Amino acid sequence: QQPVQSPQAVILREGEDAVINCSSSKALYSVHWYRQKHGEAPVFLMILLKGGEQKGHDKISASFNEKKQQSSLYLTASQLSYSGTYFCGTDLGGSNYKLTFGKGTLLTVNP
Amino acid sequence: GAGVSQSPRYKVAKRGQDVALRCDPISGHVSLFWYQQALGQGPEFLTYFQNEAQLDKSGLPSDRFFAERPEGSVSTLKIQRTQQEDSAVYLCASSAQLAADTQYFGPGTRLTVL
């Protein structure tokens, strides 16, 4: 079942913060976050595993709440380069490791 | 090192034609995935290979879609008798391990069926 992302779109000024949420109705094994710019390949940001801690690099971090089956992506002090569509991909575990992606969140960072 | 590459990048086909889309995964990657991405949507799973074995093809929309990875490296997605609803971007991804691991995506092939 497709995870639900919110918000669908967000507009920021450079330096502002944003949070993108990803919720599933099923128990998750892992959550994968990607950013995709128009016409380009999705670029991997981070993976969160069940039982794992919050992760982050640079000014982008993420958490995974197992009780709620929800992951949140935190972007702090946004830069122009953060603009793009953010997708969460969920993995229910099992033996094929396929990802089910949400519909995406369009992030626009303006100067 | 080289990432995942796909060819062609763009393909225009007339309705009813057959097409073949190629994916070159990162060298040594065991797992290979094909996804279909419609405009404004997230990627949708089509099929999964572990080396040369196709272990999951539950996402293939119809029997007109066929994928292979005969030597466990390069993969080809073939669509027979293309229809307009097949128009989409077809993404290939590979990952190094069998366990849940980072999937690295290629740039995709944009298929337009007229």
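The preceding data block contains the structure.
Residues numbered from 1 in each chain as written. Chains lettered and ligands numbered in written order. Predicted model: local features only at pLDDT ≥ 70, side-chain atom pairs only at ≥ 80, totals over all residues. Heavy atoms only, no water.

(A) A look at unusual backbone geometry. With omega at -5°, the peptide bond leading from serine 6 of chain A into proline 7 of chain A counts as cis. In this structure, proline 7 of chain A sits in the loop between strand S1 (4-6) and strand S2 (9-13). Residues other than glycine seldom take positive phi values, yet alanine 77 of chain A does so here, at roughly 45°. With a phi angle near 55°, asparagine 51 of chain B is a residue other than glycine that sits in the positive phi range. Secondary-structure assignment places asparagine 51 of chain B in the loop between strand S5 (44-50) and strand S6 (53-56). (Helix = DSSP H or I, 4+ residues; strand = E, 2+ residues; numbered from the N terminus.)

(B) Representation of the sheet that holds strand S8 (residues 75-79) of chain B within the structure. Residues and elements named next belong to chain B. What the four strands build is an open sheet, ordered S1-S3-S8-S7; its pairing is antiparallel. Edge positions in the sheet fall to strand S1 (5-7) and strand S7 (65-68), since each has one partner strand and no second. With strand direction ignored, the average angle separating the axes of adjacent strands in the sheet is 15°. Here S7 pairs with S8 via four bridges, running antiparallel. Paired with glutamate 68 across the bridge in S8 is threonine 76. (Pairing = 2+ DSSP bridges. Axes fitted to C-alpha atoms, helices over the stretch in contact; angles between N-to-C directions.)

(C) How the structure looks around the environment of leucine 45 of chain A. All names here are of chain A. In this structure, leucine 45 sits in strand S5 (residues 43-49). Under the relative-accessibility criterion, leucine 45 is labelled buried at 7%. Spatially, the C-alpha atoms of leucine 45 and histidine 57 are 8.8 Å apart, while their sequence positions differ by twelve residues. Sequence-distant contacts of leucine 45, that is, excluding residues within four places in its chain, are made with Trp33, Tyr34, Arg35, His57, Leu73 and Tyr86. (Buried < 20%, exposed > 50% of the residue type's maximum accessible area, 1.4 Å probe, protein only. Contact = heavy atoms within 4.5 Å.)

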